[in-house]
Amino acid sequence: MKIETVELRVVRLPLVTPFRTSQASQDERVALLVCVHTGEGEGWADCPVDPGPFYEPEFLSGARAVMAEYLVPMLMAAPGLTAARVQAVLAPVKGHQMAKAALETAVLDAELRARQMSFAQYLGAVKDRVPVGVSVGIPGSLAELIGQVEGYLDQGYRRIKLKIEPGWDIEPVRAVRQRFGPDLALQADANTAYTPASARRLRALDQFGLLLLEQPLAADDLLGHADLARLLTTPVCLDESITSPRVAAAALRLGACSVVNIKPARVGGYLAARAIHDLCAAHGVPVWCGGMIETGLGRAANVALASLPGFTLPGDTSASDRFYRTDITEPFVLEAGRLPVPAGPGLGVTPIPERLAEVTTAKSWLT
Ligand code: SMG
Ligand code: MG
């Protein structure tokens, strides 16, 4: 396949409610969309970089620049390009996993559309619907939190994840556990907000029977997570730490986690995500699919990934209306706590042209 043109588009979508984690609060998603035009048709991807380098080191204008100056010219010059070769072609560029992942995804979408095959089929799906969870941001009060969790459970979500930080941890987890009982599938995500000195405080979470505690310590602190995992009965899950299949292998070897949140964008794409899934499956380690407030394009690919056999826990692949009143694609709608896995060719969804035009704030073409 030959890439002729790459279109980069910045879109701005308001969120239905502000989303606050231990690191940041946001009330809109500024997304970078990639569309590759090839001799065999187009392919789309959502690059879930933030405007600033505060959650991940990558950020929107950096991703645009590295694509324009390095990655896209390298792909355009590669003879006989296939999605499976994108990572190898781009390997001379260090880092920039999210930018690389978006390009790989767009090429894969184009390739699979041409072959009339869905992402799910290509990746190795074993189901046509996946159970989903929801991530609940840090609200203004316990009463507000309880109201939000109740609302999501009424909608059918199968698992609740609470964002926590020092000072908002034991009490909210206790309140939700008390109000909704021991059968609620509940987990907490600290987004790196603690240090190894907080081990005693985190141990107090053990009494609440959480499914897992996600990323309590710094992203590069695999040894700290291994020490903490030995102290806690709550399973430790890594998210920010998991940047590649190799790091995932190191984390498992060290005992730094017993569950993995796979974020395809951070690990370099859906092929690397599948490799981490396979590695974890071989070690009997459950995985689930993380979310980065993706538009329908990214959500479609995430739901396809979540239909692989090792994804045994509900992911952060919520319905579109968790974040967006109007998405850029047809929305993903919850059906009894599950989302349908797209079955059409490629991602199985495309942006709705009028909707895309409404939310686009910048456009550029690389030829
Ligand atoms: O897309 O449902 C989603 C967001 C889920 O909590 C979520 N993601 O660390 O797991 C995480 C956060 C990171 C995204 S905050 C921009
Ligand atoms: Mg997380």
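Predicted, not measured: the structure shown is a model, and the values here were computed from it.

**Q** Outline the sheet that holds strand 5 (residues 134-136), supporting the account with residue identities and numerical values.
**A** In any sheet, the strands associate via hydrogen bonds between backbone groups, in a parallel or an antiparallel arrangement. Here we have 7 strands laid out as an open sheet, ordered 5-6-7-8-9-10-11, and parallel in their pairing. Of all the strands in the sheet, the pair left with one neighbour each is strand 5 and strand 11 (287-289). In this sheet, strand 11 lies alongside strand 10 (residues 259-262) in parallel orientation, the contact comprising 3 bridges. Within strand 11, the residue paired with Ile262 across the bridge is Cys289. Docked against the sheet, helix 11 (residues 270-282) engages strand 10 and strand 11, running at close to 170° with respect to strand 10.

**Q** Describe the coordination of the magnesium ion (ligand 2), and please don't skip the residues or the numbers.
**A** Coordination of the magnesium ion (ligand 2) by the protein involves Asp189 (OD), Glu214 (OE) and Asp239 (OD), with metal-donor separations of 2.1 to 2.3 Å. Along the chain, the residues donating to the magnesium ion (ligand 2) are arranged with the sequence spacing D-x24-E-x24-D. You can see Asp189 sitting in strand 7 (residues 186-189) and its partner Asp239 sitting in the loop between strand 9 (236-238) and helix 9 (245-254), a full 50 residues away along the chain. For Asp189, a relative accessible area of 0% puts it in the buried group. Overall, Asp239 belongs to the buried group, its relative accessible area being 0%.

**Q** Go over unusual backbone geometry, please, and point to the residues and values.
**A** With a phi close to 55°, His96 is a non-glycine residue in the positive phi region. Tracing the chain through its elements places His96 in the loop between helix 2 (83-90) and helix 3 (97-115). Although it is not a glycine, Gln215 adopts a positive phi angle of roughly 40°. Among the structural elements, Gln215 can be located in the loop between strand 8 (213-214) and helix 8 (222-231).

**Q** Now, about the site of ligand 1: what can you tell me, with residues and values included?
**A** Close contacts around ligand 1 come from 16 residues, with Ser135, Lys161, Lys163, Asn191 and Ile293 the closest. Contact between ligand 1 and Lys263: an oxygen atom at 3.3 Å from a side-chain N or O atom of the residue. Burial of ligand 1 by the protein chains amounts to 97% of its free accessible area of 430 Å². Broken down by class, the residue content of the shell around ligand 1 amounts to 5 nonpolar, 4 polar and 7 charged.

**Q** Quick one: what's the story with the side chain of Ser241, residue by residue and with numbers?
**A** Looking at where Ser241 falls in the secondary structure, it is placed in the loop between strand 9 and helix 9. On the accessibility criterion, Ser241 (4% relative accessible area) is buried.

**Q** Describe in detail the sheet that holds strand 2 (residues 25-38), supporting the description with residues and values.
**A** The sheet built from 4 strands is open, its strands ordered 3-2-1-13 with antiparallel pairing. On the outer flanks of this sheet lie strand 3 (41-47) and strand 13 (360-366), each paired with one strand and no other. Between one strand and the next, the sheet's axes are offset by a mean angle of 20°, whatever the strand orientation. The pairing of strand 1 (residues 3-20) with strand 2 spans 13 bridges and is antiparallel. Within the sheet, the bridge partner assigned to Arg9 lies in strand 2 and is Leu33. Packing against the sheet, helix 3 makes contact with strand 1, strand 2 and strand 3, and its axis sits at approximately 150° to strand 3.

**Q** Residues and numbers for the side chain of Ser135, please.
**A** Turning to its location among the elements, Ser135 is positioned in strand 5. Residues within four places of Ser135 in sequence aside, it is in contact with Phe19, Arg159, Lys161, Lys163, Asp316 and Arg322.

**Q** Could you give an account of the pattern of salt bridges, naming the residues involved and the relevant values?
**A** Following the criterion strictly, the structure yields 20 salt bridges and no others. The partner of Arg230 in a salt bridge is Asp227, with the nearest N and O atoms 2.6 Å apart. With Arg230 and Asp227 both in helix 8 and 3 residues apart, this pair spans about one turn of that helix. Ionic pairing is found between Glu358 and Arg355, a salt bridge with its closest N-O pair at 3.0 Å. A residue pair is termed a helical-turn pair when its members lie 3 or 4 positions apart in one helix, as Glu358 and Arg355 do in helix 13 (residues 353-359) at 3 residues.

**Q** Any details on the packing of aromatic side chains? Residues and values, ideally.
**A** Geometrically, a pair of aromatic rings is defined through the distance of the ring centres and the angle of the planes. Scanning the entire structure with this criterion turns up 4 aromatic pairs. On the numbers, 5.5 Å between centres and 85° between planes, the contact of Phe19 with Phe323 is edge-to-face. With Phe19 in strand 1 and Phe323 in the loop between helix 12 (296-305) and strand 12 (338-340), this pair connects stretches of sequence that are 304 residues apart. Residue Phe19 is classed as buried on the basis of its relative accessible area of 9%. Among the residues examined, Phe323 registers a relative accessible area of 6% and is labelled buried. Centre to centre, the rings of Tyr152 and Tyr157 are 5.8 Å apart; their planes meet at 80°, and the pair counts as edge-to-face. Neither Tyr152 nor Tyr157 differs from the other in exposure class; each is buried. In textbook terms, an aromatic cluster arises when at least three aromatic residues are bridged by ring pairs, as seen for Phe19, Phe323 and Tyr324. Geometry around Trp288 places Arg159 over its ring, the cationic atom sitting 5.0 Å from the centre. Across from the ring centre of Tyr122, 5.6 Å away, lies the NZ or CZ of Arg274, which sits over that ring.

The rules behind each value
Residues numbered from 1 in each chain as written. Chains lettered and ligands numbered in written order. Predicted model: local features only at pLDDT ≥ 70, side-chain atom pairs only at ≥ 80, totals over all residues. Heavy atoms only, no water. Pairing = 2+ DSSP bridges. Helix = DSSP H or I, 4+ residues; strand = E, 2+ residues; numbered from the N terminus. Contact = heavy atoms within 4.5 Å. Axes fitted to C-alpha atoms, helices over the stretch in contact; angles between N-to-C directions. Donors = N, O, S within 2.8 Å, 3.2 Å for Na, K, Ca; no water. Buried < 20%, exposed > 50% of the residue type's maximum accessible area, 1.4 Å probe, protein only. Near = heavy atom within 4 Å. Polar contact = N/O pair within 3.5 Å; in protein donor to acceptor, adjacent residues only side chain to side chain. Areas by Shrake-Rupley, 256 points an atom, 1.4 Å probe, with all protein chains shown as cover. Nonpolar A, V, L, I, M, F, W, Y, C, P; charged D, E, K, R; others polar. Salt bridge = Lys/Arg side-chain N within 4 Å of Asp/Glu carboxyl O. Phe/Tyr/Trp six-rings, centres within 6.5 Å; stacked < 30°, edge-to-face > 60°. Lys NZ or Arg CZ within 6 Å of the ring centre and 35° of its normal.

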